[in-house]
Amino acid sequence: MGSLAGLRLRAFHQPPTPLCYRPRMVSLHRRCFAVAATSAGGGEVRVRFAPSPTGNLHVGGARTALFNYLFARSKGGKFILRIEDTDLERSTKQSEEAVLNDLTWLGLNWDEGPDVGGDYGPYRQSERNALYKQYAQKLLESGAVYRCFCSSEELEQMKEKAKQMQLPPVYMGKWGTASEAEVDAELAKGTPFTYRFRVPQQGSLKIHDLIRGEVIWNLNTLGDFVIMRSNGQPVYNFCVTVDDATMNISHVIRAEEHLPNTLRQALIYKALGFPMPTFAHVSLILAPDKSKLSKRHGATSVGQYKEMGYLPQGMVNYLALLGWGDGTENEFFTIDQLIEKFTIERVNKSGAVFDSTKLKWMNGHHLRSLSQEELVQIFENRWKSIGILTDSDGSFAKEATELLKDGIDLITDADSALSNLLSYPLQSILTSAECKPIVQDNLADVASSLISAYDNGELLEALKEGKSGWQKWVKSFGKSLKRKGKGLFMPLRVLLTGKMHGPDMGGSIDLLYKAGICGAINSEFGFVNFDERFKILKEVDWESLTKQVEAQQEEPTVATTVAH
C-alpha cells in the first residue's frame, strides 16, 4: 500500500484495490469480510480541524481544535484547517469568518488552510467536487459501489419493513445484484440514481482508538450506504475519507459523536487502498446536569465568552483540562506549557463537565498573571470603549488597575469595579441592616468632625500629598476622636465612599481625589466628587436616621412577642 505523501490535487495517485469487487453482477458470497483497520504509521504528523461554517464555534469544537493543535505542535507536525461546507444551504461566509476569527483569538494558528494555502488544497470541500467524483468513479469501476435507482418511496417502504421485522434499517433493494441490462435500461430512461457502497453482510471491522482502545463493529448492522446523492453531491463520510486520505492526514482527533462514522470511512479507505489514519475520539463536554452541553445551559460559543470578557489564555487553559491533565495537581498552564506537557494518552474517555464558575476563576488567575503594562492597557481600553474614561495620560488608569485588579476575573468586570468605586450611594447604605451597628456607634459625631476637617482644608491638603498624606491625617484624626482600628476605618469608609466594603481604603480615597482633579472621568457615569459627597453628607438628618434605625431594630422583637 503506497504512501500518499506525493499526492496532489492535479496529479492523483492510482490506488490499488485490495477488496477485489467485480462490477455490476456480484455474488452474495463475496460478502464475507473481516479486517482490522490499522493506520499507516510513521512519517510526518498531520492533523486537521474541519468545522462546518453553519454557526458559531462551539466550546466543544474549540477543545477538539485545541487537542489537534497541541498534538501537532508536541510532535513537530502540521495543524491543518479544512472547511466542510458541503451543506450549501446552511453554510455562510460569515460563519466561516467567525470560526477563523475565534481560532485566531484562541491562538490556534494553522499551517495550511483556506486563507494560507498549502500543498494539499483546496481546503474547502465545496471546491473539491471534481476530486470526489474522480474517486467515486474509481469505486464504481472496481465494483465497490453500484448505481442505486430506488425511489424515495421504495426506500421508505424498506425502512418500514425493517421496523416491522425489528431489524436495523439497512438497504434491502435489488440494485446491488442487478444485471447490466437492468442498469442500462434505467440509465436510458434517465432515472435518477445514487452511488451506494457495497458492505459485506458478514464479518467485523476493528480499529484501535488512541483514547477508547479497541473498537469493533459487526458489519451486518450497517447495510449498503450512499456515497453520492442523485444530484451529484457527495455524502459527508465519503468527502471526509477522500479529504483525509488525499491531504495525508496521519491522525484524526475528533468528538466521540463521530465514532459511528468511522466504520463507513474505514470501509471506504480499504476499498480505495488508502492507508488508514490513527483515530482518537474525544469525549463530549457535558453540562452540570450531565446532559450534552447546549444553548439552554447558557453561553456555549467561543465568541460569546470573548464578548463576556474572557481571555484566550484562560479559555485555552480551561478547555485543555476538560478531559486532560498532566498527572500533577497543577491546573494553570500557558499554551507553551500545554504543548510541552500534552499527550493524547492522558486524554480521558469519560465525559467532562463544563463548570463556568471554575472557568471564571481560572480566567481571573490568567488576567492577574499579565504584566502590569498589559493589564493597564486592557482595562484602559475597556474603560475608554464604554465611555467611563474620556481621556487619560495613563496614570489614572494605572492606579485604578492596581487598586481594582484583585476583584476582577473578567475584563468586563472592570466596568462595574470602577463605576462602583466612583459612585456614592450613601443614603441607601446608611439605612441598610448591615450598617446599623456603625450608625449606632455615634456615626453622626464622626461625620461632624469629618465635615469640619474638609471645610477647613485639612483633609484636602492631606490628599494632595497622596497616600502618605492620607495615612498621617487618619492617624491624627483617630487620636482626636479616640478611635482606632475598625472603630475608625469603618465609619470613614462609609462616610467617604458610601459603601461598607471595597478595595484598600487609602488607595480608594487617593484615587477618588485624583478622579476629581484629573479631568479623565465622564460625569455621566455617576461619578460623585468630594465636594458633592460632602454636600450630600451635610444634608443627612442624623437624628431622624438614628430613630429610623432603632425602629427597624425593634421590629423583630415585636414580631417575636406576638409569635409567643
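The paragraphs below set out a description of the structure included in this document. (Residues numbered from 1 in each chain as written. Predicted model: local features only at pLDDT ≥ 70, side-chain atom pairs only at ≥ 80, totals over all residues. Heavy atoms only, no water.)

Here we look at the overall build of the protein
Worth spelling out the cut-off: Only DSSP runs of H or I reaching four residues or more are called helices, and only runs of E reaching two or more are called strands; each is numbered from the N terminus. Classification of residues uses two cut-offs on accessible area relative to the type maximum, computed with a 1.4 Å probe and protein chains only: under 20% is buried, over 50% is exposed, and between them is partly exposed. Contacts are assigned to residue pairs with any non-hydrogen atoms lying within 4.5 Å of each other. What sets the accessible areas is the Shrake-Rupley method with a 1.4 Å probe; for residues, cover comes only from the shown protein chains.
Each helix and strand counted, the protein has 23 helices and 12 strands in total. For the protein, the residues scored as buried account for 50% of the 564 residues in total. For the protein, restricting intrachain contacts to residue pairs at least 6 apart in sequence, the fraction spanning at least 24 positions comes to 76%. Accessible surface, the protein as shown: approximately 27,100 Å² in total, 49% of it carbon and sulfur.

Regarding the pattern of salt bridges
To be explicit about the condition: By salt bridge we mean one thing: a side-chain nitrogen of Lys or Arg within 4 Å of a carboxyl oxygen of Asp or Glu.
As enumerated under the stated definition, the model contains 28 salt bridges in all. Between Asp-244 and Arg-82 there is a salt bridge; the shortest N-O distance is 2.9 Å. Here the residue Asp-244 occupies a position in helix H6 (residues 236-246), and Arg-82 occupies one in the loop between strand E3 (78-81) and helix H2 (93-106), the gap between them amounting to 162 residues. Accessibility classification places Asp-244 together with Arg-82 in one group, the buried group. A salt bridge links Asp-441 to Arg-483, with the shortest nitrogen-to-oxygen separation between them at 3.2 Å. In this pair, Asp-441 is assigned in the loop between helix H16 (436-440) and helix H17 (443-455) and Arg-483 in the loop between helix H19 (467-481) and helix H20 (486-497), connecting sequence segments 42 residues apart. Beyond isolated ion pairs, a larger network of salt bridges with shared partners links Arg-48, Arg-82, Glu-84, Arg-128, Asp-243 and Asp-244.

Some thoughts on the sheet that holds strand E4 (residues 145-148)
Applied cut-off: A pair of strands is treated as paired once DSSP finds two or more bridges between them. Axes, fitted as lines to C-alpha atoms, cover a helix only where it is in contact. Angles between the N-to-C directions of the axes lie from 0 to 180 degrees.
Strand order in this open sheet of 3 strands is E4-E5-E8, and the pairing throughout is antiparallel. Strand pairing shows two members of the sheet lacking a second neighbour, E4 and strand E8 (225-228), which therefore form its edges. The mean inter-strand angle of the sheet, taken between neighbouring strand axes irrespective of direction, is 45°. In this sheet, E8 lies alongside strand E5 (residues 194-197) in antiparallel orientation, the contact comprising 3 bridges. If you follow Tyr-195 over to E8, its bridge partner there is Met-228.

What to know about the pairing of E4
Of the two faces of E4, both are covered, the one formed by Val-145 and Arg-147 as well as the one formed by Tyr-146 and Cys-148. As paired elements, E4 and E5 share 4 bridges and run antiparallel to each other. Counterpart to Cys-148 in the pairing with E5 is Thr-194.

Quick notes on the nonpolar core
As a rule of thumb, nonpolar side chains are buried together in soluble globular proteins. Under the convention used in this document: Residues grouped as a nonpolar core are buried Ala, Val, Leu, Ile, Met, Phe, Trp, Tyr and Cys residues, joined through side-chain atoms within 4.5 Å.
In this structure, Trp-383, Leu-430, Leu-450 and Trp-470 are the most contacted members of the largest nonpolar core, which totals 66 residues. The element that contributes the greatest number of residues to this core is H17, accounting for 7 residues. Not counting chain neighbours up to four residues away, the residues in contact with Leu-450 comprise Leu-459, Trp-473, Phe-477, Leu-492, Leu-495, Leu-496, Phe-534 and Leu-537. By size, the runner-up hydrophobic cluster in this structure holds 51 residues, among which are Leu-70, Ile-83, Val-347 and Phe-354.

A few points about the side chain of His-366
One can find His-366 in helix H11 (residues 356-369). In this structure His-366 comes out as buried when scored by relative accessible area, which is 9%. Non-local contacts of His-366, meaning those with residues more than four positions away in its chain, are made with Leu-311, Gln-313, Gly-314, Asn-317, Phe-332 and Phe-333.

Some thoughts on the side chain of Arg-128
Heads up, the rule is: Polar contacts, as used here, are pairs of N or O atoms within 3.5 Å; protein pairs need one atom able to donate a hydrogen and one able to accept it. Residues neighboring in sequence count only if both atoms are side-chain atoms.
Tracing the sequence through the fold places Arg-128 in the loop between H2 and helix H3 (129-142). Assessed through its relative accessible area of 2%, Arg-128 is described here as buried. Separated by 2.8 Å, the side chain of Arg-128 and the backbone oxygen of Pro-122 make a polar contact. Once residues within four sequence positions are removed from consideration, Arg-128 is found in contact with Tyr-120, Gly-121, Pro-122, Val-242, Asp-243, Thr-246 and Met-247.

With respect to helix H9 (residues 312-320)
With 8 of its 9 residues buried, H9 lies for the most part within the structure. Of all the residues in H9, the buried ones are Pro-312, Gly-314, Met-315, Val-316, Asn-317, Tyr-318, Leu-319 and Ala-320. Of the surrounding secondary structure, the elements contacted by the buried residues of H9 are helix H1 (59-74), H2, helix H8 (302-307), helix H10 (335-341), strand E12 (352-353) and H11.

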